[in-house]
Amino acid sequence: MAKKILLCDDAPTALKLMELILSGEGYEIFKAENAEQAMLSLEANGPFDGCVFDINMPGKNGIELSRDYLSHPKGQGGKILIVSTESSDHLRQAGKDVGVKAWIVKPFEDEDLIEVLKKIIG
């Protein structure tokens, strides 16, 4: 059975790119354009084997989404990868503090996304 991945990014091209990369690896992909949609998808389709969240989005950012996701009954123990143009130590630490497992800076190589996701979800 395919592992389920939740993608959340407000940029449609970034969502489509990640979907193409990861579906090509056999993952079942669920997409959201903001934190609210991601939480609705968690409720309807979760739990997920892994998540890939952007940081800068309208409404809640990726750190806030990660915190909310991991505190939800279906999200507890979730494996979250942040993919963002942001790379400050402050944000990375904030991510670690809420339970983010890994961080990739955009732009990224397809292989990097695949490798890091496989590493965190097993």
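Structure report, in brief. (Residues numbered from 1 in each chain as written. Predicted model: local features only at pLDDT ≥ 70, side-chain atom pairs only at ≥ 80, totals over all residues. Heavy atoms only, no water.)

## Considerations on the overall build of the protein chain
For the record, the criterion: Labels follow the DSSP assignment, with helices taken as runs of H or I lasting at least four residues and strands as runs of E lasting at least two, numbered in each case from the N terminus. Exposed residues in this analysis have more than 50% of their type's maximum accessible area, buried residues have under 20%, and partly exposed residues fall in between, with area computed by a 1.4 Å probe over protein chains only. Only heavy atoms enter the contact rule, under which two residues are in contact if any of them lie within 4.5 Å. All accessible areas in this document rest on Shrake-Rupley with a 1.4 Å probe, and a residue is counted as covered only by the protein chains that are shown.
Secondary structure summary: the protein chain contains five helices and five strands in total. Helices and strands appear in the protein chain in the N-to-C order β-α-β-α-β-α-β-α-β-α. Along the first, second and third principal axes, the C-alpha set of the protein chain runs to 35 × 30 × 25 Å. Here the protein chain, with 122 residues, has 47% of them falling under the buried criterion. Summarising the internal contacts of the protein chain: among those between residues at least 6 apart in sequence, 62% fall at separations of at least 24. Of the roughly 6200 Å² that the protein chain leaves accessible, carbon and sulfur atoms contribute 50%.

## As for the sheet that holds strand 1 (residues 4-8)
Defined as follows: Any two strands with at least two DSSP bridges between them are considered paired. Angular values range over 0 to 180 degrees, each being the angle between N-to-C directions of two axes fitted as lines to C-alpha atoms, with helices fitted over their stretch in contact.
Pairing is parallel in the open sheet, where five strands are placed in the order 2-1-3-4-5. Bordering the open sheet on either side are strand 2 (28-32) and strand 5 (102-105), each of which pairs with just one other strand. Adjacent strand axes in the sheet meet at a mean angle of 20° when their direction is disregarded. Examined bridge by bridge, strand 1 and strand 2 share five bridges and lie parallel to one another. If you follow Leu-7 over to strand 2, its bridge partner there is Lys-31. On the sheet, helix 2 (residues 35-45) packs against strand 1 and strand 2 and is oriented at approximately 165° with respect to strand 1.

## Observations regarding the side chain of Ser-66
By secondary structure assignment, the location of Ser-66 is in helix 3 (residues 62-71). Judged by its relative accessible area of 0%, Ser-66 falls in the buried class. When neighbours within four sequence positions are excluded, Ser-66 is seen to be in contact with Phe-53, Ile-80, Ile-82, Val-98 and Val-100.

## Topic: the side chain of Lys-4
Short version of the rule: Counting rule applied: Lys, Arg positive; Asp, Glu negative; His and chain ends not counted. We define a salt bridge as a contact between a side-chain nitrogen of Lys or Arg and a carboxyl oxygen of Asp or Glu at a distance within 4 Å.
As for its position among the elements, Lys-4 is in strand 1. Among buried charged residues, Lys-4 stands out as having no salt bridge; its nearest opposite-charge side chain is Glu-28, 5.8 Å away. Discounting chain neighbours no more than four positions away, the residues touching Lys-4 are Glu-28, Phe-30, Asn-45, Gly-46, Pro-47, Phe-48, Asp-49 and Gly-50.

## Section: the environment of Val-83
Position of Val-83 relative to the elements: it lies in strand 4 (residues 80-84). When its relative accessible area of 1% is taken as the criterion, Val-83 is described as buried. Along the primary structure Val-83 and Leu-6 are separated by 77 residues, whereas in three dimensions their C-alpha atoms are 13 Å apart. Those residues within four positions of Val-83 in sequence are excluded, and the remaining contacts are Val-52, Phe-53, Asp-54, Ile-55, Ile-104, Lys-106, Phe-108 and Leu-113.

## Points about the packing of helix 1 (residues 12-23) against helix 5 (residues 110-121)
Threshold: Here a crossing is called left-handed whenever its near helix is offset anticlockwise from the far helix by less than a right angle, and right-handed whenever the offset is clockwise. Gly counts as polar in this scheme, as do all residues outside two lists: the nonpolar Ala, Val, Leu, Ile, Met, Phe, Trp, Tyr, Cys and Pro, and the charged Asp, Glu, Lys and Arg.
Packing of helix 1 against helix 5 leaves a shortest axis separation of 10 Å and a crossing angle of 65°. For helix 1 against helix 5, the interelement crossing comes out right-handed. On helix 5, the residues that touch Met-18, Ile-21 and Leu-22 of helix 1 are Asp-110, Leu-113, Ile-114 and Leu-117. The class makeup of the residues in the contact of helix 1 with helix 5 is six nonpolar, no polar and one charged.

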